[in-house]
Amino acid sequence: MKAYPIVLSPCEVGYMVSVPDLGIDTQGKDIAEALYMARDAISAWATFEQDMGRSIPVPSNSLPKTNQGEIAVYVDIDFDAYRKDLDTTAVRTNVSLPRNLKRKAENAGLSFSSVLQEALKEKLQMV
């Protein structure tokens, strides 16, 4: 896990976020969303850089200077966890169903994999 310094700057609609070590920016409607977006932007950028075979700069060990009204903080980043969340590799999973339900689903031409994925996404609020 790493911690990158960011600068939050108030703007018309929330906060602009600057990541000086990486030269990337994002924004959020409030501080909580700005921090979430900073983590996501840093992780997405780093994942791309790693996939392209490039190294990720080491985070600065000091906070950048800020202007009036700005906030400088560190955000913790777990690149491995982010990459795992992006992994959409299909894996075989065995499930048990009542025989009559299985038969009805097959007769209806339903794909068990698709139905299970849709149900899990809805249950996990990923839709």
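In this text the structure is predicted, and so the values were computed from the model without any measurement. (Residues numbered from 1 in each chain as written. Predicted model: local features only at pLDDT ≥ 70, side-chain atom pairs only at ≥ 80, totals over all residues. Heavy atoms only, no water.)

**Observations concerning the environment of Gln68**
Alright, step 1. Examined against the element boundaries, Gln68 turns out to sit in the loop between α1 (31–51) and β4 (71–77).
Alright, step 2. Sequence separation between Gln68 and Leu124 is 56 residues, and the spatial gap between their C-alpha atoms is 41 Å. (Helix = DSSP H or I, 4+ residues; strand = E, 2+ residues; numbered from the N terminus.)

**Structural notes on the nonpolar core**
Alright, step 1. Residues Tyr4, Ile6, Ile42 and Phe79 are the most contacted members of the largest nonpolar core, which totals 17 residues.
Alright, step 2. Sorting the residues of this core by element identifies β1 (2–11), β2 (14–19), α1 and β4 as the ones contributing at least two each.
Alright, step 3. Among the elements that take part in this core, α1 stands out by supplying 5 residues, more than any other.
Alright, step 4. Non-local contacts of Tyr4, meaning those with residues more than four positions away in its chain, are made with Asp21, Leu22, Ile42, Ile56, Pro57, Val58, Pro59, Val73, Tyr74, Val75, Ile77 and Phe79. (Core = buried A, V, L, I, M, F, W, Y, C linked by side-chain atoms within 4.5 Å. Buried < 20%, exposed > 50% of the residue type's maximum accessible area, 1.4 Å probe, protein only. Contact = heavy atoms within 4.5 Å.)

**Some remarks on the layout of surface pockets**
Alright, step 1. Of the pockets and cavities examined, the largest pocket occupies roughly 1,000 Å³.
Alright, step 2. Together, 25 residues line the largest pocket, and Val91, Ser113, Leu116, Gln117 and Leu120 are the ones closest to its centre.
Alright, step 3. Residue assignment for the lining of the largest pocket shows that the elements contributing at least two residues are α3 (99–107) and α4 (112–123).
Alright, step 4. Examining the composition of the lining of the largest pocket, we find that 7 residues originate from one element, α4, more than from any other.
Alright, step 5. For the lining of the largest pocket, a count of residues per class yields 13 nonpolar, 7 polar and 5 charged.
Alright, step 6. Each pocket or cavity is described by its volume, and for the second largest pocket that value is around 290 Å³. (1 Å grid on protein atoms, 1.4 Å probe; cavity = no way out; pocket = protein on both sides within 12 Å on 5 of 7 lines; lining within 4 Å. Points joined across faces, edges and corners; volume = space filled by probe spheres on them. Nonpolar A, V, L, I, M, F, W, Y, C, P; charged D, E, K, R; others polar.)

**Here's the deal with the sheet that holds strand β3 (residues 24–28)**
Alright, step 1. Reading across the sheet, the 4 strands line up as β3-β2-β1-β4 and stay open at both edges, with antiparallel pairing between neighbours. What marks the edges here is a single partner per strand, and that holds for β3 and β4. The sheet shows a mean angle of 35° between the axes of neighbouring strands, taken without regard to direction.
Alright, step 2. Summarising the sheet, β1 and β2 pair through 5 bridges and their orientation is antiparallel. From the neighbouring strand, Ser9 faces β2, where its bridge partner is Met16. (Pairing = 2+ DSSP bridges. Axes fitted to C-alpha atoms, helices over the stretch in contact; angles between N-to-C directions.)

**Side note on unusual backbone geometry**
Alright, step 1. Although it is not a glycine, Gln125 sits at a positive phi angle of roughly 55°.
Alright, step 2. By secondary structure assignment, the location of Gln125 is in the segment after α4.
Alright, step 3. Gln125 sits in the exposed class, given a relative accessible area of 74%.

**Comments concerning the pattern of salt bridges**
Alright, step 1. All chains considered together, the criterion is met by 5 salt bridges.
Alright, step 2. The shortest N-O distance in the salt bridge between Asp76 and Arg39 comes to 2.8 Å. Taken as a pair, Asp76 in strand β4 and Arg39 in helix α1 lie far apart in primary sequence, 37 residues in all.
Alright, step 3. Note that Glu49 and Arg54 form a salt bridge whose closest N and O atoms lie 2.7 Å from each other. (Salt bridge = Lys/Arg side-chain N within 4 Å of Asp/Glu carboxyl O.)

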